[in-house]
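In case you want the letters, here they are:
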Amino acid sequence: MFGWSELVPAFPEILVLSMACVVLLVGLFTDKKKGGFIVFLSVITMMFAAILTLKDHVAGVEFTKTVIFNGTFIRDEFGDMLKVVVYLLMISVFFYAKQYLRQHDNLQGEYFALLLFATLGIMVMISGHNFIALYLGLELLALSSYALVAYNRNDLNGNEAAMKYFILGALASGMLLYGMSLIYGAVGTLQINEISQAIAGQNNDMFLVLGLIFVIVGIGFKLGAAPFHMWVPDVYEGAPTATTLFIASAPKIAAFALAVRILGQSLDVLMIHWQSMLATLAIVSIIVGNLFALQQTNLKRLFAYSTISHIGFMLLGLVGGAEGIAASMFYIIVYTIMAVGGFGMIVLLSNKGMEADQIADFKGLNQRSGWYAFLMLLLVASMAGFPPLIGFFSKLYVLKAVIDQGHIILAAVAVIFAVIGAFYYLKIIKVMYFEESETDQAIDASFDVKTVLSINALAQLGLLVLLPVLFQYCIRVTGSL
Amino acid sequence: MIISPELFQQIIFYVFATFTIGSAMAVVTVKNTIYSALFLVLCFFNTAVLWLLIEAEFLAITLVLVYVGAVMVLFLFVVMMLDVKQAKASQLKQSYTKAALLIAAAMLVQLLILFAYKLSGEIPSNELVRQEQGYSNVAEVGMTLFTQYVYPFEIAAVILLVAIVAAIMLTMRKREGNKQMDASKQININPAERLRVVSMKAEKATTQAQSKEEES
Amino acid sequence: MIASYFPILLFLAVATGLGIALMSLGLLFGTRKTNDEKISAYECGFEAFDDAHMKFDVRFYLVAILFIIFDLEIAFLFPWSVVLEELGGFGLVSMFIFLFLLVIGFIYEWKKGALEWE
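This is a predicted model, so every value here is computed, not measured. (Residues numbered from 1 in each chain as written. Chains lettered and ligands numbered in written order. Predicted model: local features only at pLDDT ≥ 70, side-chain atom pairs only at ≥ 80, totals over all residues.)

## Looking at the overall build of chain C
Then, in step 1: Check the secondary structure of chain C and you find 4 helices and 0 strands.
Then, in step 2: Reading chain C from its N end, one meets helices and strands in the order α-α-α-α.
Then, in step 3: Taking all 118 residues of chain C together, 17% fall into the buried category. (Helix = DSSP H or I, 4+ residues; strand = E, 2+ residues; numbered from the N terminus. Buried ≥ 20, exposed ≤ 12 C-beta atoms within 10 Å, placed from the backbone.)

In structure tokens, the structure reads:
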């Protein structure tokens, strides 16, 4: 039956869970004004989780996939790579959140505890090897996110955003669950690997395809892909910026993992069906995202629409066969790093009582601080996909995979709208460098936040060195699924 | 005349099914919201009996325990908190009726399709597997939940924990100017913190004496 | 199997029958001579100002939510207690972890003052 040694592969999860509880309790006894210790604990947790995850990957030792807890939990290279990225993202989220909450005199232990619980949900999703585990991970993440969005209780916009997020999120969860139950009804198992085998042996297509449709709608909602994107701009704008930068980053990786586990691993036999659906979602997302982003004056809304178009690119990758999944993985990793940096910049420029979430707030940033203007330039240019930044290569890999599969029209449409999209990124750059600043207020942030932000933005250049290695890793881990 | 067990079960089914449908209708037609919530309770009870009839005991118990016991209490609280006046039929928007009719029609079509399938024999036959005496559905659920699905079970605990934290974080408010007494604070009070005894030198009543002199 | 629930059915039937019977007896034999004054609400001798229904305090809401959460926990405890003997130590430990997590929630609740009625 069950040996306690089975717990070993799940140590990172256990650590994050225990530390989330510790942070919750420590937060009860900490003064609102301080709270540096809470941030420290959270960051340390992520670092140790990274060590626990990576310690099985030392050179020379063969890593083997392990499936534990009666097949509901899998520890594989794909999951571990995504988890390490999530840890890194979360560390920067913690620093930015500290800066933001300090600005608003509202730094409480619950916020970080909820972030840690959400991280746990992401990890459960990444490691899920059973539909129930995947679903519960998703719910854990979603429930924490709703609370994080509504964190500023007195902010009406935040409450409205949380309400929308909650209702649409619950709807999406319902869809996903319904799809899963239809698939379960057709094949009689919830295990990822067994579903794949069971489908191959039968041709009861109707229930399966119906289930597949609901699952894709659910995933589309969670990813915020058009036409299921209605919640994205409102939630991004209404939520506290610290929460927005969280929602924009790590959960996207979890949703990617969910899509790969469900579509790529368990429903791989139905690939013809889901590829055409995803291709539609991808193209609609790229078109809608880029066109609507052009009209935005609020930076958080603008980033929201740009997220939609980036998600479109990520989905496009999933259409491109085995290499496409690797490209798509690379894309989502790169995108989340850019997104966290972009929102981090908004946090940095905000002051007490003032959120720098309008494009106009970036006017003449170059005069106020050349360095931060340069960092923002890197982030925005990378999002737009200007060579030679990393964002360019992530788009390139996706397009290459798609073209290799023969979907030239898809690639062409994606490129055209990416070029149109470049315009609104250029607008930000223009405002920063060629317009007069309206304030001469100094940028006020603690040293650690500035460092993290600098690293985050410089990664757009620095990752170029690691580019081939990173992409090779992506190919290897997606190949070993 | 002795009624066969099968017939008896069918009679019970139809009796409780009638009650279920009747109370469900009452939920949406009754004007007083509190009555309608109470009818929902009745509806849940009857559904629980129907589930018992197909030997889904755990579900039946959960329905009574969680839905009737807790969820309906919350419903009633909300209804009473909002102070909804009795709604008049004219207040119900026409669009709601249309939407409701649409959904009802869709469900009717689904049911008809199901019947058609059943008649054409595409759905495998309908006899319920009856378990023997002593079989416990609850025990079966317990065995699966605590062996096969123990990992999702623990995640469920984390979800409940997050729910507690979120509920308190979002709804708890400390009221300003609250004059509540705190017994432990009262007991632990230290007189030294409250009262300061200052020793002062005795002074002559100079001012009074002077004023008296002036008067005279 | 299903026959073992027969006593409950009998109980239900008796309870419903008795309830209906007693109420209809009252209806049948009770004397009812009502007039407007008799059935109107009485409020210290003058006309009622408004509805007798009173709004519930919103603080009940938090109590109800917390109650639901702990009630759900019971739904898990129930099948567990039935099979605990077969599960042995493993079952005990898994439920211990489950309850431990909820106890942390309870500590949080207590410390935050959510259980206090200000």
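Now that the structure has been shown, the text picks up again.
## Describing the packing of helix H3 (residues 77-103) of chain A against helix H11 (residues 250-266) of chain A
All names here are of chain A.
Then, in step 1: Remark: H3 packs on H11, axes separated minimally by 9 Å, with the N-to-C direction vectors making an angle of 165°. Between H3 and H11, the angle falls in the class roughly antiparallel. As for the relative orientation of H3 and H11, their crossing is left-handed in sense. For the pair H3 and H11, the contacting residues are Leu82, Val85, Val86, Leu89 and Met90 in the first and Ala250, Ile253 and Ala257 in the second.
Then, in step 2: Looking at the contact of H3 with H11, its residues break down into 8 nonpolar, no polar and no charged. (Axes fitted to C-alpha atoms, helices over the stretch in contact; angles between N-to-C directions. Parallel < 35°, antiparallel > 145°, perpendicular 65-115°, else oblique. Left-handed = near helix turned anticlockwise from the far one by under 90°. Contact = placed C-beta atoms within 7 Å. Nonpolar A, V, L, I, M, F, W, Y, C, P; charged D, E, K, R; others polar.)

## Details of the environment of Gly188 of chain A
Residues and elements named next belong to chain A.
Then, in step 1: Along the chain, Gly188 falls in the loop between helix H6 (156-187) and helix H7 (192-200).
Then, in step 2: Since 11 C-beta atoms lie within 10 Å of it, Gly188 is described here as exposed.
Then, in step 3: When the C-alpha positions of Gly188 and Ala198 are compared, they lie 8.3 Å apart, and in sequence the two are 10 residues distant.

## Considerations on the interface of chain B and chain A
Then, in step 1: Contact residues are listed per partner, giving 15 residues for chain B and 23 residues for chain A.
Then, in step 2: Considered class by class, the residues forming the side of chain B that touches chain A number 14 nonpolar, 1 polar and no charged.

## Side note on the interface of chain C and chain B
Then, in step 1: Taken together, the contact between chain C and chain B spans 42 residues of the former and 49 residues of the latter.
Then, in step 2: Mapped by element, the contributors of at least two residues to the side of chain C that touches chain B are helix H3 (59-87) and helix H4 (89-112) of chain C.
Then, in step 3: For the side of chain C that touches chain B, the class distribution of residues is 31 nonpolar, 4 polar and 7 charged.

## Focus: the nonpolar core
Considering soluble globular proteins, one finds that nonpolar side chains tend to be buried as a cluster.
Then, in step 1: Grouped together as the largest cluster of nonpolar side chains are 233 residues, with contacts concentrated most on Ala20 and Leu140 of chain A together with Val158 and Val165 of chain B.
Then, in step 2: Per-element tally for this core: the top contributor is helix H14 (residues 321-349) of chain A, with 20 residues.
Then, in step 3: If we ignore the near neighbours within four places in the chain, the residues touching Val158 of chain B are Leu17, Phe117, Leu120 and Leu140 of chain A together with Leu101 of chain C.
Then, in step 4: Within the second largest apolar cluster, 7 residues are counted, among which are Phe16, Ala48, Val49 and Leu63 of chain B. (Core = buried A, V, L, I, M, F, W, Y, C linked by C-beta atoms within 7 Å.)

## Let's talk about helix H1 (residues 11-28) of chain A
An α-helix turns once per 3.6 residues; consequently, residues spaced three or four apart project the same way.
Then, in step 1: Over its 18 residues, H1 of chain A runs 26 Å from end to end, which matches the ideal 26 Å to within 8%, given 1.5 Å per residue.
Then, in step 2: At its buried positions, H1 of chain A is contacted by helix H2 (36-54), H3 and helix H4 (109-126) of chain A, helix H6 (150-171) of chain B together with H4 of chain C. (Expected span 1.5 Å × (residues − 1).)

## Here's the deal with the confidence of the model for chain C
Then, in step 1: Averaged over all residues, the pLDDT of chain C is 85; the fraction at 70 or higher stands at 88%.
Then, in step 2: Across the predicted assembly, pTM comes out at 0.90 and ipTM at 0.93. (pLDDT = per-residue confidence, 0-100.)

## Notes on unusual backbone geometry
Then, in step 1: Backbone torsion omega between Ala226 of chain A and Pro227 of chain A reads 0°, so that peptide bond is classified as cis.
Then, in step 2: In this fold, Pro227 of chain A is placed in the loop between helix H8 (205-223) and helix H9 (231-238).

## What to know about helix H12 (residues 271-293) of chain A
Residue and element names in this part refer to chain A.
Then, in step 1: An ideal rise of 1.5 Å per residue puts 33 Å on 23 residues; H12 measures up with 32 Å between its terminal C-alpha atoms.
Then, in step 2: Taken as a whole, H12 has its buried residues at Trp274, Leu278, Leu281, Ala282, Ile283, Ser285, Ile286, Ile287, Gly289, Asn290, Phe292 and Ala293.
Then, in step 3: On its buried face, H12 sits against H8, H11, helix H13 (299-319) and helix H18 (408-434).

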